[in-house]
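Structure assessment
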Amino acid sequence: TECVSGCVCPEGLFDDGKGGCVEEKDCPCVHNNQWYSSGQKITVDCNTCTCQKGIWSCTENVCYGTCMIYGSGHYITFDGKFYDFDGNCEYVAIQDFCGDKNSSGSFSIITENVPCGTTGVTCSKAIKMFLGKTELKLENKEYKEIQRDVGDDVVYWNRTVGLYLVIEASNGVMLIWDKKTTVFIKLSPEYKGKVCGLCGNFDDKSNNDFTTRSGPQEPNALKFGNSWKQSPTCPDVTEEVKPCDIKPHRKSWAEKECSIIQSEVFKICHSKVDPSPFYEACVHDACSCDSGGDCECFCSAVAAYAQECAKAEACVFWRTPDIC
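So, here's what we can say about the structure. (Residues numbered from 1 in each chain as written. Predicted model: local features only at pLDDT ≥ 70, side-chain atom pairs only at ≥ 80, totals over all residues. Heavy atoms only, no water.)

Scanning the protein chain from terminus to terminus reveals six helices and 19 strands. Looking at the protein chain alone, contacts between residues at least 24 apart form 48% of all its contacts between residues at least 6 apart. Element-wise, carbon and sulfur atoms account for 51% of the exposed surface of the protein chain, whose accessible area totals about 16,900 Å². Separation of charge centres in the protein chain, based on 32 positive and 46 negative side chains, amounts to 4 Å. (Helix = DSSP H or I, 4+ residues; strand = E, 2+ residues; numbered from the N terminus. Contact = heavy atoms within 4.5 Å. Areas by Shrake-Rupley, 256 points an atom, 1.4 Å probe, with all protein chains shown as cover. Lys, Arg positive; Asp, Glu negative; His and termini not counted. Charge placed at Lys NZ, Arg CZ, Asp CG, Glu CD.)

Written out as structure tokens, the structure is:
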């Protein structure tokens, strides 16, 4: 905008962003406000990017998608849409029985929400996973298998990884459960655009994730959520519960505890993953879990942010003897 006195790089050399001058082949690249020198590699999702002459060159693998459901009805769809839906019923989280009535799907995952506290907020407490003719029911920290008469054989494996139970099926569906209120659903890229439910349609566009069971788009999260309930006898959700308004005495405690998400502890992640929706979800959950389990709700909410940070290559060590 105006002339400033100072140094410029000599002919043929380029500013390296750190006050030095380099040849074009040594130009650095920027990712999430961090500088990388030529030749350095970073991982983005399932691809590797290499810095070449100031421009990122990336592999083009098609990656698994992830949907996350945690705490009292917080959803992050496969396409990255963040929303809240808090209903007391069983809901279709994701399935590949979509659209065409005769289409034969290979799986569906149902989440059962039950009240977690006296404010009317619900948490996912049981998960049913239908794989061909096998039904898996996950609740009370364990799972049981039920064989049904109809459907194909879909092979699956289960293993425990740290805090999580992981169920991986041969049809490209994976479920990761923390045995409490957090569940991750991972799908292979072949399901892109072929699934439906509360986790959206996995077509890389977040603006059409609110596709209802009957097909049309719905701008309202509550109407969208209601359309995916399993039993028509469940009541529809008509308004969003605001637990901090119902329990104002818990609000300041919740804000104080959850401030860790916006604190120095997570500083390295703030430029990579926006902390505000996770902070708001944390305060909501910390206000709502008032019949025991306060810490579990708070810890799940912080862990959800830490998990997204880890995915964005920002590892944060936030757990301490005093916190979770």
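A word on the packing of helix H3 (residues 248-258) against helix H5 (residues 276-288). Two numbers describe how H3 lies on H5: the axes approach to 8 Å, and their chain directions differ by 135°. The orientation of H3 relative to H5 falls into the category oblique. The two elements H3 and H5 cross, and the hand of that crossing is right-handed. Contact with H3, carried on its side by Arg-250, Lys-251, Trp-253, Ala-254, Glu-255 and Cys-258, involves Tyr-279, Cys-282, Val-283, Ala-286 and Cys-287 of H5 and no other residues of that element. (Axes fitted to C-alpha atoms, helices over the stretch in contact; angles between N-to-C directions. Parallel < 35°, antiparallel > 145°, perpendicular 65-115°, else oblique. Left-handed = near helix turned anticlockwise from the far one by under 90°.)

We now examine the packing of H5 against helix H6 (residues 294-311). Where H5 meets H6, the closest approach of the two axes is 8 Å, and the angle between their N-to-C directions is 165°. Comparing their axes, H6 and H5 come out roughly antiparallel. Crossing of H5 against H6: the hand is right-handed. Between H5 and H6, the residues in contact are Phe-278, Cys-282 and Asp-285 and Cys-297, Phe-298, Ala-301, Val-302, Ala-304, Tyr-305 and Glu-308, respectively. Broken down by class, the residue content of the contact of H5 with H6 amounts to eight nonpolar, no polar and two charged. (Nonpolar A, V, L, I, M, F, W, Y, C, P; charged D, E, K, R; others polar.)

To continue, consider the pairing of strand E7 (residues 55-58). Here strand E6 (residues 47-52) runs beside E7; their pairing, made up of four bridges, is antiparallel. Pairing of Gln-52 across the sheet is with Ile-55, part of E7. What sits between the antiparallel neighbours E6 and E7 is a turn of two residues, in which Lys-53 has the positive phi angle 50°. (Pairing = 2+ DSSP bridges.)

The next point concerns empty space enclosed by the protein. Evaluation of the coordinates by the stated rule reveals one cavity of 30 Å³ or more. Approximately 40 Å³ is the volume found for the largest cavity. Surrounding the largest cavity, Ser-72, Asp-84, Asp-86, Glu-240, Val-241 and His-284 form its lining. A breakdown of the residues in the lining of the largest cavity according to their chemical character gives one nonpolar, two polar and three charged. (1 Å grid on protein atoms, 1.4 Å probe; cavity = no way out; pocket = protein on both sides within 12 Å on 5 of 7 lines; lining within 4 Å. Points joined across faces, edges and corners; volume = space filled by probe spheres on them.)

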